[in-house]
Amino acid sequence: MSTFLELGLKEPINKALTDLGYEKPTVIQEKAIPQIIASTDDLKAFAQTGTGKTAAFSLPILELLDPNNSNVQAIILSPTRELAVQIGNNIKDFCKYLKGVKVTTVYGGSSMEDQIRSLKKGSQIVVGTPGRTVDLINRKALKLGNVQWLVLDEADEMLNMGFKEELDNVLDATPETKQTLLFSATFPREVEAIARNYMTKPVEITSGEKNQGSDNVSHEYYSVTERTRYPALKRIADLNPDIYAIIFCRTRRETQEVADNLIKDGYNADSLHGDLSQAQRDSVMGKFRKKTIQILVATDVAARGLDVNNLTHVINHKLPDQIENYNHRSGRTGRAGNKGISIVLVNGKEKGRLRPIERIIKKKFIETKVPSGKEICQNQLMHLIDKVHNIEVNDSQINEFLPSIYEKLEDLSREELIQKFVSLEFNQFLSYYENAQDLNDLSSRSNSRARATDENMTRFFINIGRKDSLNPAKLIGLINDQRIGDKIEIGAIDILDTFSFFEIDKNFEEKTLEAFSSNQPDFDGRSVNVEITKKERSGGGRRGGRKPFGKKDGGFGRRRSNEGGSGSSSRRRDEGGGRRSERRSSDRPKNSGDRKSGGFGRRRRER
Ligand code: AMP
C-alpha cells in the first residue's frame with residue numbers, strides 16, 4: 001500500500017490530507033492518482049459512492065494544474081447541487097496549502113450573479129451541476145475553451161436524471177485536447193454511449209468489480225405485507241437503538257407519508273425530497289449530518305449528495321424502480337471502511353426482484369425475520385444497561401445532591417435498586433410490546449424455503465451472539481476475514497443471544513473449519529469457536545430467522561439477573577448516535593412498535 005507522496009502528490013497536498021485524517025489512499029485513489037498524473041489518456045473508472053472517488057480525480061488535477069493561470073482548467077460535473085457543493089468543499093480542503101488555486105461551485109437554486117462574480121475573479125476549477133453549467137456557458141460567463149480536464153462524476157446518475165442534452169452541450173464547449181475522466185457506479189448503455197462517443201481509448205480502472213456493491217455491506221430482506229410494512233419498519237428501528245439510517249422511498253408522496261408517520265410516532269426522523277425548498281433541504285441535511293436526526297426518509301435523487309460515512313443502515317422501504325439504483329442506495333452505508341446493513345422490505349410480489357439485484361451485487365440477501373416484541377425489549381434493555389455502564393459521572397455537579405439521594409434510597413438493596421431502575425425505564429415498554437403480533441409474512445415462508453439451497457449448504461455453530469454485539473454484517477465480516485476462499489457463498493444466518501449459526505457452501509466445509517481453527521480469531525476479545533452442526537432446526541426447519549425468545553438463549557429475566565455478575569455488556573457502537581433531538585427526548589422515550597399495542601401514545605400523554 002503506497003502513501004499519497006509515493007503516488008506522486010506534492011507535500012502541500014499531502015499535508016492537507018493529513019489534516020483531514022486521510023492516512024492512506026483508498027483503492028480507487030491508488031489506481032487513479034498515478035494514472036492521471038502520468039498520462040493524458042481518458043479514464044473510465046468504476047467506483048461506488050463512498051470509495052474516495054472525489055479525491056481520486058481531484059488530487060491529480062491539483063497536482064498538475066497551473067496556479068498562475070486563471071483560466072478554467074478543470075470542469076467537474078455532478079448530478080446534484082449537494083454533491084457539487086460537497087465536491088467543491090472537498091477540493092477547497094485539499095488545496096488549502098496550495099497558493100493561488102481557486103474553486104467555484106455553480107448550481108441551480110442559488111444566485112447566478114454571485115456565481116458569475118466568483119467566476120470573473122478567475123477559478124482554475126469549476127464544479128457544477130449540468131443545468132447551471134450550461135446556463136453559464138450560454139451567458140458567456142463560463143468559458144471552457146482552455147479546459148484540460150473534464151470530470152463526469154456519477155455519470156449514470158446524471159443520465160438517469162435526464163441531463164443527456166446538458167452533458168452533450170458541456171462536452172461540446174470543451175476542447176478536443178482535454179482529458180475526460182468518467183466516474184460511475186454502474187455502466188448502463190447510456191453511459192457506455194457517452195464513453196464511446198466522447199472519449200478516446202479510455203483506460204479502465206475499478207475499485208471493485210463493476211457494478212458490485214461494497215464488501216462492507218451485508219444485505220438483508222424482510223418479508224412483509226402492505227399492512228405490516230410500516231410496523232415492520234418501526235420494529236427494525238426499535239431493535240437498533242443507535243440506528244443512523246436513510247430510508248429510501250420511490251416517490252415524494254411515499255417519502256412524506258413515511259416520515260410523517262415516524263415523526264407522529266415519536267421517532268427522530270425527517271424527510272428529504274424535491275418538494276422541499278432548497279433551504280429546507282439544507283436544514284434537514286445539516287441536522288442529519290450532525291445526527292440531530294437519526295432517520296432520514298428520502299427519495300433517491302434528494303439523497304444523492306449527502307456525504308455521511310457512518311450510516312448503520314440503509315432501508316429500502318420499497319425497492320427502486322430501476323434495480324441498478326439499489327447499488328446507489330446500499331452504497332450509502334459501509335463507507336470509509338465502516339460496516340453497514342442494507343435492508344429491503346418486500347411483499348410476496350416484490351420478492352422476485354431480489355434475484356436480479358443479487359446478480360448485480362454478487363451477494364445473497366439474507367432472509368431476516370421481523371423482530372418480535374421481546375427481542376426488541378431485550379435489545380433496548382441491553383442498550384440501556386450499556387449506557388448506564390459507560391456514562392461519565394460529573395462528580396462536581398452531582399456531589400452536592402448525592403447525600404440526600406443516598407439517604408432516600410438507603411433502605412433498598414443493590415438488587416432492588418437495579419430492579420426498580422430497570423422497571424422505571426421498561427415497564428411501559430414491556431407492556432407496549434407484550435401482545436405484539438408476529439409481523440412476518442407467513443404466507444411467504446414456503447417461497448423463501450424454496451429459495452434456499454439447503455442441501456448445498458453446511459450449517460455451522462459459532463460461540464458468539466448478540467450479547468457479544470454480533471450482527472449479520474459483523475459475522476459476515478468475521479467469516480470473510482478468515483480468507484476461506486474467493487466468493488464463498490454464505491447462506492442463512494441466525495444470530496442468537498450467546499451463540500449463532502451460519503451456513504456456508506458445502507464445498508467449503510473443511511476449509512471453513514480449518515481456517516477458523518488455524519487462525520484462532522477472536523471477536524471483541526472473545527476467542528471464537530466454530531463447529532459443524534446438524535441441519536434440522538427446531539420448530540420445523542425455520543430458515544434464516546431468529547429463534548423465538550426462549551429459555552435456552554437466556555430469557556429476559558435470566559439476562560437481567562445475569563447482568564450484575566457478568567458485567568460484560570459494555571460495548572457501544574456509536575456515541576454520537578445517542579445525541580437526540582428535543583423532540584426525541586420528550587416524545588419518544590421508547591421509539592416503539594405498533595400502535596395497537598398501545599404503549600406509545602399512552603406514554604406520551606403521561607409525560
Ligand atoms: P467519496 O467517495 O469521495 O464521496 O468519499 C467518501 C468519504 O471517504 C468522504 O467522506 C471522504 O472524506 C472520505 N475519504 C476519501 N478518501 C479517504 C482516505 N484516503 N482516507 C480516509 N477517508 C477518505
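The preceding data block contains the structure.
The following paragraphs examine the structure supplied in this document. (Residues numbered from 1 in each chain as written. Predicted model: local features only at pLDDT ≥ 70, side-chain atom pairs only at ≥ 80, totals over all residues. Heavy atoms only, no water.)

1. Comments concerning the sheet that holds strand β3 (residues 103-106)
Read from one edge of the open sheet, seven strands run β3-β4-β2-β5-β6-β1-β7, paired in parallel fashion. Edge positions in the sheet fall to β3 and β7 (203-206), since each of these pairs with one other strand and no more. On average, each strand axis in the sheet is inclined to that of its neighbour by 15°, with strand direction left out of account. Alignment of strand β2 (residues 74-77) against strand β4 (residues 125-128), held across four bridges, turns out to be parallel. Opposite Ile 75, over in β4, you have Val 126 as the bridge partner. Helix α3 (residues 53-64) rests against β2, β4, β5 (149-153) and β6 (179-184) of the sheet, and its axis sits at about 170° to β5. (Pairing = 2+ DSSP bridges. Helix = DSSP H or I, 4+ residues; strand = E, 2+ residues; numbered from the N terminus. Axes fitted to C-alpha atoms, helices over the stretch in contact; angles between N-to-C directions. Contact = heavy atoms within 4.5 Å.)

2. Side note on the site of the ligand
In the vicinity of the ligand lie 15 residues, with Tyr 22, Lys 24, Gln 29, Gly 52 and Thr 54 positioned nearest. Taking Thr 51, its main chain carries an N or O atom lying 3.1 Å from an oxygen atom of the ligand. Note that an oxygen atom of the ligand is positioned 2.8 Å from one of the backbone N or O atoms of Gly 52. Here the ligand has 500 Å² of accessible area as a free molecule, and 84% of this is covered by the chains. Classifying every residue of the shell around the ligand gives three nonpolar, eight polar and four charged. (Near = heavy atom within 4 Å. Polar contact = N/O pair within 3.5 Å; in protein donor to acceptor, adjacent residues only side chain to side chain. Areas by Shrake-Rupley, 256 points an atom, 1.4 Å probe, with all protein chains shown as cover. Nonpolar A, V, L, I, M, F, W, Y, C, P; charged D, E, K, R; others polar.)

3. Regarding the pairing of β5
Remark: a regular strand shows side chains that alternate across the two faces of the sheet. Within β5, five of the five residues are buried, which leaves it mostly tucked inside the rest of the structure. Side chains Trp 149, Val 151 and Asp 153 project from β5 onto one buried face, and the interleaved Leu 150 and Leu 152 project onto a second face that is buried too. Alignment of β2 against β5, held across four bridges, turns out to be parallel. Pairing of Ile 76 across the sheet is with Val 151, part of β5. (Buried < 20%, exposed > 50% of the residue type's maximum accessible area, 1.4 Å probe, protein only.)

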